[in-house]
Amino acid sequence: MIKFASRIEKVKPSPTLALTAKAKKLKAEGKDIVNFGAGEPDFDTPDFIKDKAIEAIRSGFTKYTPTQGTLELREAISEKFKKDNSLQYAPDQIVVSSGAKHSIYNIISVLVDLGDEVLIPSPYWVSYPEMVNLAQGKPVFMETQAANNFKITAEQLKKNISKKTKLLILNSPSNPTGCVYTEQELKDIARVCVENNIFVISDEIYEKLIYDGTAHFSIASIDSKIYDLTITVNGVSKSYSMTGWRIGYLGAPKEITQAVSRLQDHSTSCPASISQKAAVFALKEGGEFVNKMRDEFRKRRDYIIKRLDNMSKIDYIRPQGAFYVFCCIKYTGLTSSEFSSRLLDEAGVSLIPGQGFGRDDYIRISFATNMKEIEKGMDRLQKWLEELR
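Residues numbered from 1 in each chain as written. Predicted model: local features only at pLDDT ≥ 70, side-chain atom pairs only at ≥ 80, totals over all residues. Heavy atoms only, no water.

Caption draft 1: Local environment of the overall build of the protein. Assigned secondary structure in the protein consists of 14 helices and 13 strands. Burial statistics for the protein: of 389 residues in total, 55% are counted as buried. By sequence separation, contacts in the protein at least 24 residues apart represent 75% of the contacts at least 6 residues apart. Accessible surface computed for the protein: about 17200 Å², of which carbon and sulfur atoms make up 49%. Treating the 54 positive side-chain charges of the protein as one cloud and the 49 negative ones as another, the clouds have centres 2 Å apart. (Helix = DSSP H or I, 4+ residues; strand = E, 2+ residues; numbered from the N terminus. Buried < 20%, exposed > 50% of the residue type's maximum accessible area, 1.4 Å probe, protein only. Contact = heavy atoms within 4.5 Å. Areas by Shrake-Rupley, 256 points an atom, 1.4 Å probe, with all protein chains shown as cover. Lys, Arg positive; Asp, Glu negative; His and termini not counted. Charge placed at Lys NZ, Arg CZ, Asp CG, Glu CD.)

This is the structure in structure tokens:
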């Protein structure tokens, strides 16, 4: 038997990927499956972005770039931070990685040491605690409530701080809940972090997908003190429907970006040169596409929650951002895994169990699929719930 490193033994497989794989297998076998599990936009990458990538290939832009990313892309990101987030990150304060997930992994790897505690609001994106485990840190979960839109408070944050606390992970808009922190909420949280010298990862990957006039706010823009403690993470995957292009980035104090760059030197080196060239034009010219996609997502969200309002045994909090509805299923008497597995087998509907997000009494419905499929899937879900015994 192979003896693996102890750190890898602590890491659990992704439940989102496992159930998605099962749904894909059933579909490949010819079964009619409605997929509410997707964690990526169903829209194609816009042609003007594709064209820039093709142009880069034909012009021979296919070699290594600097580890931190091309200067052209980092300048575009710097301008984006300034324009959208009121954040001043110079190009040498930016590192481009192979996806926002990779950016977060890099940050945790360079900041978290053996036994360091990382505060994670729950529900949480499934990969946060596993990345902390890989760094041999300790995830500390802060349970949130639907009554507060699944957001932590400054008081709750204070109560969970110990001498070993190193880092807080914030995700706004959130996967899986769709919650969005207000400016005042972030100011209160920032004050506690500054008082206790706690770093913050601000995961803003869903920043552009916000509804109902809700405003996005970057915690690092509050003042110089929290700016010095914050690593702001974003990417082109969700906003520009470029998940497979694998471009994420972070902005941080220069000392942190230098450490992240050293790590990336010896792990992945640079992200794909072609994807970087495409990302420049996504950031510069993608505004109209983002607006159209956001409007379509809002219509889908509104349809789903209207349908959920007429279903028994299921409840939800109206998501303000991202493209998920996080639904409470405690009245069914099933765990999230039982619910998801039975729904897939009995009704041909695939969604994600909440267990992997830290809430076994919830499931996540993604509306990153077309309206025809959404209508069919909601019909099946309603009928299945009515017949559930």
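Caption draft 2: Representation of the layout of surface pockets in the model. Approximately 850 Å³ is the volume found for the largest pocket. Forming the boundary of the largest pocket are 33 residues, of which L17, A38, G39, E40 and K238 lie nearest the centre. For the lining of the largest pocket, the secondary-structure elements that each account for two or more residues are α2 (15–28), α5 (100–111) and α6 (127–134). Here the lining of the largest pocket takes four residues from α2, the largest share from any one element. For the lining of the largest pocket, the class distribution of residues is 12 nonpolar, 13 polar and eight charged. (1 Å grid on protein atoms, 1.4 Å probe; cavity = no way out; pocket = protein on both sides within 12 Å on 5 of 7 lines; lining within 4 Å. Points joined across faces, edges and corners; volume = space filled by probe spheres on them. Nonpolar A, V, L, I, M, F, W, Y, C, P; charged D, E, K, R; others polar.)

Caption draft 3: Local environment of the pattern of salt bridges. Tallied over the entire structure, the rule returns 33 salt bridges. Close ionic contact of K25 with E29 constitutes a salt bridge, the shortest N to O distance being 2.7 Å. Take E29: its relative accessible area is 44%, and that puts it in the partly exposed class. The shortest N-O distance in the salt bridge between K383 and E387 comes to 2.9 Å. With K383 and E387 both in helix α14 (residues 371–387), this residue pair falls four residues apart, about one helical turn. The partly exposed category is assigned to K383, whose relative accessible area is 48%. (Salt bridge = Lys/Arg side-chain N within 4 Å of Asp/Glu carboxyl O.)

Caption draft 4: Structural view of the side chain of E130. Here E130 lies in helix α6. Discounting residues that sit within four places of it in the chain, E130 has contacts with K10, V11 and K12.

Caption draft 5: Seen up close, the side chain of T45. Within the secondary structure, T45 sits in the loop between β1 (34–35) and α3 (47–58). On the accessibility criterion, T45 (8% relative accessible area) is buried. At a separation of 2.7 Å, a polar atom in the side chain of T45 contacts the main-chain carbonyl oxygen of S241. In terms of polar contacts, T45 uses its side chain to reach the side chain of W245, at 3.1 Å. The contacts of T45, once residues within four sequence positions are left out, are K50, Y240, S241, M242 and W245. (Polar contact = N/O pair within 3.5 Å; in protein donor to acceptor, adjacent residues only side chain to side chain.)

Caption draft 6: Looking closely at the packing of aromatic side chains. Counting across every chain of the model gives 17 aromatic pairs. Centre to centre, the rings of F81 and Y249 are 5.6 Å apart; their planes meet at 85 degrees, and the pair counts as edge-to-face. Of this pair, F81 sits in helix α4 (residues 71–85) while Y249 is found in strand β8 (residues 248–251), placing the two residues 168 residues apart along the sequence. Take F81 and Y249: they sit in the same class, and that class is buried. Taken together, a centroid distance of 5.8 Å and an interplanar angle of 80 degrees make the contact between Y206 and Y324 edge-to-face. Of the two residues, Y206 sits in the loop between β6 (199–203) and α9 (224–227) while Y324 sits in strand β10 (residues 324–328), which places them 118 residues apart along the sequence. Judged by relative accessible area, which is 3%, Y206 ranks as buried. In this structure, K52 is placed above the aromatic ring of F281, and the distance from its NZ or CZ to the ring centre is 4.3 Å. Positioned above the aromatic ring of Y181 is the side chain of K151, whose terminal nitrogen or guanidinium carbon lies 5.9 Å from the ring centre. (Phe/Tyr/Trp six-rings, centres within 6.5 Å; stacked < 30°, edge-to-face > 60°. Lys NZ or Arg CZ within 6 Å of the ring centre and 35° of its normal.)

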